[in-house]
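Examination of the molecular architecture
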Amino acid sequence: MSKARKIAKNDSLELISAAQNKAEDKRLEVLKTYKLYIGGAFPRTESGRYWKLKTPAGKVIANVSRASRKDFRNAVVAARRAFSGWAAKTAYNRGQILYRMAEMLEGRREQFISELVLQGSNENEAVREVNAAIDRLVYYAGWADKYQQVFSAVNPVQSSHFNFSLPEPMGVVAVIAPESHGLLGLVSCIAPVIVGGNSCVVLSSEKQPLSSITFAELMESSDVPAGAINILTGFREELLEHFSSHMDVNAVVSSDLESAELKEVQSSAVSNLKRVINLKIKDWFSDEAQNPYLIMETQEIKTTWHPIGL
Amino acid sequence: MAAATQTLPDFRYSPVVDQVGVADRIARVTARSIKKESKIEALKLALSMLDLTTLDAKDTAGKVRQLCYKARHLHDDLPDLPTVAAVCVYPNMVSVAKKALEGSTVKVASVATAFPTGMTSLDIKLEETRRVVSEGADEVDMVISRGRFFAGDYNYVFDEIAAVKEACGQAHLKVILETGELETYDNVRRASEIAMYAGADFIKTSTGKVKPAATLEVTLVMLEAIRDYYYQTGRMVGMKPAGGISNAKLAIQYLVLLKETLGEAWMTPQYFRFGASSLANDLLMQIVKQKTGIYQSIDYFSKD
C-alpha cells in the first residue's frame, strides 16, 4: 500500500469517528410509549386518546393513554377469564409469584426511583417509597398461605355436622389506586386483593401514572398470569361510573374517594350488590396500609356443613 | 327436480378463489363499527337467525328440554325480543325437542347422515333422514362425504345430496361442507356449487367438531358462490355459518358481510342462520347493555 493511500485511510477513519461524535450529540433519545396493560398485553387505548403529563415546572414528560369505558370493559373480560385459573393456584404458588414481583422490583429500583422523581417526588421520598413497595410485596407474599388458617374457623353446632368456615376470593375486583404515592399506593391496593386469589382491574393515579405502567412491565415478567392484574391510566372522573356499575365486577376498592365520589360509587354498586371498600389510609408507610385484615376486605366467608356420625 | 333438468356445470372447472382478495375484503369488513339503533336492530336480527344448538354425546332429554325452554324464553325481562329460528339437536332428541317446542314458531332442526363424519353407507343415511323427518324435524343438517370429494368423485357427492334432499320431503335441507377439512377456498367454492346444484336449501360451513369452524373468510367464499348460483338459476339458497361464533361483535360482522354480498333479500331467518350455543347470551347481554348503558355479567342470564 502506498504511503499516500495509508494517510487517506487514516484520515477517513478520523472523519468517521468525528461524525460519530457529532451524531452522539445530536442523538435522538428513544422515549417510552406508556400504554395500558390488559390481558397480559400492552395495547393502546381503543379510543386513541391521550393526555400530556407534565412536570411541576410544566415540561411535558410523556403522552399517557387515556383509557375509555371500552378499555375497562375489555379489562374486565380479561380479568374474569383469568380469575378461575389464578384462584385455583395453590396459596404457596401465589406467595411465590408475589415474592417474584418483589425480586423484579428490587432489580429495577433505580428506574422506579428516577421515574417517581420525574413525576414530582423528591429524591429521598422516592427512595423510601420504592423500598416500602418492595417490602410490602414480600409482606403479602408471606401471608399468602397463612391468612386462610388465621381467619378460618371450626364452628360448634348442635346437629351431627362438622361445620367450618373459610375465606374465599370474591372474583373480579375494581381498584381505584390513590392519587398520592404512584407506586406504593398502587402496590398496597393490589397486593392484598390478588394474594387472596381475586383478579383485578386497576385505575392508576392521575398525577403519577407512569409508575403503574412500568410496574405492569414487571408483572408481565413475574409469572403473574395474563389478565390476573390489568392496569388502566385515565381520568377518575370519567371512569368511576363504569368501575362501579359493571355487573361483572364483584367489589370496588378505593382509598381516597371524596364523599360525593363515594356516594356515586355506592349508588352504582347497588345494581349487583358490589362490595364497596374505601380504605381511608392516611399514612402509606404505616401498618394501617399493611395488614392481613386488608386481605379479608375482598374475601367471602364460605361455611360448609359436613354430615358426621351417621 | 329443477336442478336435474338444467345443464349442470362441470364441477372440475369451478371458479378459483382469489385468496388475497378475500383476506383484504374481510380486513375492511372487520374495521367497520355499527352503533346505536343500527346495532340494536342487528343484535335482534342475529337473535332471530339463531339455530340454538346442542350436539354433545352427553346430551340428555332434560338438557334438550332446557334448551327448548331457553329458545322460547330468551330473556323475559325484555318484552319485545324475537325468538330464535330453530333448535338443533341429534336425531334421537328430535321427538323430545318437537314436544317441548309445540305451539311455538321455533323450528326443530336435526343433524343426520351419520353426523359429524358421514362415514356410513347411503341407505343408512337415507333411513336416518326419513326417520328424523317423520319424528317431526322441520330441517335436516346433513354432512357431505369429504373422502369422496377429495377422491374427485364429485358425482357421488352430488347424487348423495340429491338423494338425501328427496328423503327430506317437505323438510328443509342444510348441507354441511365442513370447510375446516376442505383445505382450500377453491374446494369450498366447488363443494358449495355441488351442494346447491344438488338441491340444498342452505349451505353450512361446519359441524362444530372440527377446527377451524366458521370463519368470515370462508363465509365470504360461500356467499359469493350463492350469489353466482342465484344469477345462474334464479333460486335463492340460504347460508349458515356454524361453530366458533360466540360473540355479538363477530355476529354483526357476519351480517355486514351478508348485506354487502347478497343484499337485503337474504337478511331474514329464511335465508341466513347462525349455528351457535353461547352466542345467544352474548347477544342478550349486548342488547341489555344498549338499553341500560350498564355492562352485563353472564351471572344474570340463564345458561340454557
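Sequence order as written defines residue numbering, which begins from 1 separately in each chain. For this description, chains carry letters from A and ligands carry numbers from 1, given in the order in which they are written. For a predicted model such as this one, the threshold for reporting local features is a pLDDT of at least 70, and the threshold for listing and counting side-chain atom pairs is 80 or more; totals across whole chains, interfaces and linings nevertheless cover every residue. Only hydrogens and water are removed before side-chain values are computed, so all heavy atoms of the structure are retained for them.

Here's the deal with the overall build of chain A
Formally: Secondary structure counts use DSSP, requiring at least four H or I residues in a row for a helix and at least two E residues in a row for a strand, with both numbered from the N terminus. Throughout, the radius of gyration refers to the C-alpha atoms, and the reference size of a globule is 2.2 Å times the residue count to the power 0.38. We call a residue buried when its accessible area falls under 20% of the maximum for its residue type, exposed when it is over 50%, and partly exposed in between, using a 1.4 Å probe and counting protein chains only.
For chain A, the count of helices and strands is 11 helices and 10 strands. On C-alpha atoms alone, chain A measures out to a radius of gyration of 24 Å, which is more than a quarter above the 19 Å that the 2.2 N^0.38 rule sets for 310 residues. Counting only C-alpha atoms and orienting by the principal axes, one finds that chain A spans roughly 110 × 45 × 35 Å. For chain A, buried positions account for 46% of its 310 residues.

Thoughts on the sheet that holds strand β4 (residues 161-169) of chain A
Residue and element names in this part refer to chain A. Note the following rule: One bridge is not enough; two strands pair if DSSP finds at least two bridges between them. To get an axis, fit a line to the C-alpha atoms, keeping to the stretch in contact for a helix; angles then go from 0 to 180 degrees between the N-to-C directions.
Strand order in the open sheet made by the 3 strands is β3-β4-β10, with antiparallel pairing throughout. Looking along the sheet, the strands with just one partner apiece sit at the ends: β3 (153-155) and β10 (299-307). Averaged over all adjacent pairs, the angle separating strand axes in this sheet is 25°, with direction ignored. Bridging between β3 and β4 involves 3 bridges; their strand directions are antiparallel. Counterpart to V154 in the pairing with β4 is F164.

With respect to unusual backbone geometry
Cis geometry is adopted by the peptide bond preceding P116(B), which originates at F115(B) and carries an omega value of 0°. Inspection of the secondary structure puts P116(B) in the loop between β3 (107-111) and α6 (122-134). For the bond running from K211(B) to P212(B), omega is 0°, close enough to zero to count as cis. Considering the arrangement of structural elements, one finds P212(B) in the loop between β6 (202-204) and α10 (216-233). We note that H181(A) has phi near 55°; this positive angle belongs to a residue other than glycine. By the secondary structure assignment, H181(A) is in the loop between β5 (172-176) and α7 (184-195). For K280(A), which is not a glycine, the phi torsion comes out positive at approximately 50°. The residue K280(A) is located in the loop between β9 (275-278) and α11 (292-296) in this model. Residue K280(A) is classed as exposed on the basis of its relative accessible area, which comes to 61%.

Things to note about the interface of chain A and chain B
By a frequent convention, interface size equals the accessible area lost on bringing the separate parts together. Rule in force here: In what follows, residue pairs with any heavy atoms lying within 4.5 Å of each other are defined as contacts. Computed with a 1.4 Å rolling probe, the buried area is the accessible surface lost when two parts are put together, summed over both parts. One speaks of a salt bridge when a side-chain nitrogen belonging to Lys or Arg is within 4 Å of a carboxyl oxygen belonging to Asp or Glu. In protein, a polar contact means a hydrogen-donor-capable atom and an acceptor-capable atom, both N or O and within 3.5 Å, with residues adjacent in sequence counting only if both atoms are side-chain atoms; elsewhere, any N or O pair within 3.5 Å suffices. Polarity classes work like this: nonpolar for Ala, Val, Leu, Ile, Met, Phe, Trp, Tyr, Cys and Pro, charged for Asp, Glu, Lys and Arg, and polar for all others, with Gly in that last group.
In this assembly, 8 residues from chain A lie in contact with 7 residues from chain B. When chain A packs against chain B, the two sides together hide about 860 Å² of surface, and 52% of this comes from carbon and sulfur. For the interface between chain A and chain B, the tally reads 0 salt bridges. Applying the counting rule to chain A against chain B returns 3 residue pairs in polar contact (both at pLDDT 80 or more). Looking at the side of chain A that touches chain B, the element that brings in the most residues is helix α2 (residues 69-88) of chain A, giving 3 residues. Among the residues forming the side of chain A that touches chain B, the class breakdown is 1 nonpolar, 3 polar and 4 charged.

Section: the nonpolar core
Formally: Throughout this description, the term nonpolar core refers to a set of buried Ala, Val, Leu, Ile, Met, Phe, Trp, Tyr and Cys residues connected via side-chain atoms within 4.5 Å.
The biggest cluster of nonpolar side chains holds 94 residues, and the ones touching the most others in it are L50(B), I161(B) and F274(B). The element that contributes the greatest number of residues to this core is α10(B), accounting for 9 residues. Beyond its immediate sequence surroundings of up to four residues, F274(B) is in contact with A46(B), M49(B), L50(B), D51(B), K240(B), P241(B), I245(B), A251(B), Y254(B), L255(B) and L279(B). Formed by 62 residues, the second largest nonpolar core is a distinct cluster that contains Y37(A), I194(A), V195(A) and C200(A).

Brief notes about α6(B)
Residues and elements named next belong to chain B. The condition that has to hold: Expected helix span is given by 1.5 Å per residue-to-residue step, counting one fewer step than there are residues. Note that the arc is defined by the directions from the helix axis to the C-beta atoms.
The first and last C-alpha atoms of α6 sit 18 Å apart over 13 residues, in line with the 18 Å expected at 1.5 Å per residue. Along α6, the residues classified as buried are K125, L126, T129 and V132. One side of α6 holds all its buried residues, which, seen down the axis, span an arc of 130°. Structural note: α6 exposes D123, R131 and S134 on the side pointing more than 90 degrees away from its buried face. At the exit of α6 stands G136, carrying a positive phi of roughly 120°.

Focus: the sheet that holds β5(A)
Residue and element names in this part refer to chain A. Taken in spatial order, the 5 strands line up as β7-β6-β5-β8-β9 in an open sheet, and their pairing is parallel. Strands with a single pairing partner mark the edges of an open sheet, and in this sheet they are β7 (229-232) and β9. Here the strands of the sheet are splayed against their neighbours by 15° on average, with no regard to which way each runs. The pairing of strand β6 (residues 199-203) with β7 spans 4 bridges and is classified as parallel. Pairing of V201 across the sheet is with N230, part of β7.

A look at the packing of aromatic side chains
Aromatic ring pairs: the centre-centre distance and the angle between the two ring planes describe each pair. Threshold: For Phe, Tyr and Trp, where Trp contributes only its six-membered ring, two rings pair if their centres lie within 6.5 Å, and the inter-plane angle classes them as stacked under 30 degrees, edge-to-face over 60, or tilted in between. Charge-over-ring contacts are defined here by two conditions on Lys NZ or Arg CZ: a distance within 6 Å of the ring centre and an angle within 35 degrees of the ring normal.
This model, assessed by the stated rule, comprises 17 aromatic pairs over all chains. Ring centres of F11(B) and F158(B) lie 6.0 Å apart, and the angle between their planes is 35°; on these two criteria the pair is classed as tilted. One end of the pair, F11(B), is in the loop between α1 (2-5) and α2 (19-30); the other, F158(B), is in helix α8 (residues 154-168), with 147 residues separating them in the sequence. Taken as a pair, F11(B) and F158(B) share a single burial class, namely buried. Ring geometry for F149(B) versus F150(B): centroids 5.9 Å apart, planes at 85°, classification edge-to-face. A relative accessible area of 1% places F149(B) in the buried class. If you follow R128(A) out to its NZ or CZ, it ends over the ring of F285(A), 3.8 Å from the centre. Lying over the aromatic face of Y156(B), R148(B) brings its terminal NZ or CZ to 4.0 Å of the ring centre.

So, the pairing of β5(A)
All names here are of chain A. Applied cut-off: A clockwise course of the path from the first strand over the helix to the second, judged with the strands pointing away from the viewer, identifies a crossover as right-handed.
For β5, the tally of buried residues reaches 5 of 5 residues, placing the bulk of the element in the interior. Relative to β6, β5 runs parallel, the two sharing 5 bridges. Of the residues in β6, the one forming a bridge with A174 is V201. Since β5 and β6 lie parallel, the crossover through α7 that links them has a hand, and here it is right-handed.

With respect to the pattern of salt bridges
Oppositely charged side chains are able to pair whenever their charged atoms sit close together. All names here are of chain B. Taken as a whole and assessed by the stated rule, the structure comprises 38 salt bridges over all chains. In this structure, D80 and K44 form a salt bridge, with 3.5 Å as the shortest nitrogen-oxygen distance. Here D80, found in the loop between α4 (61-72) and β2 (86-89), pairs with K44, found in helix α3 (residues 36-48); they are 36 residues apart in sequence, far enough to count as distant. Looking at D80, the relative accessible area reads 45%, which means it is partly exposed. We note a salt bridge from D141 to K240, for which the minimum N-O separation is 3.1 Å. Taken as a pair, D141 in strand β4 (residues 139-143) and K240 in strand β7 (residues 238-240) lie far apart in primary sequence, 99 residues in all. The structure contains a network of salt bridges with shared partners spanning D51, E139, D141, K174, K204, K240 and R273.

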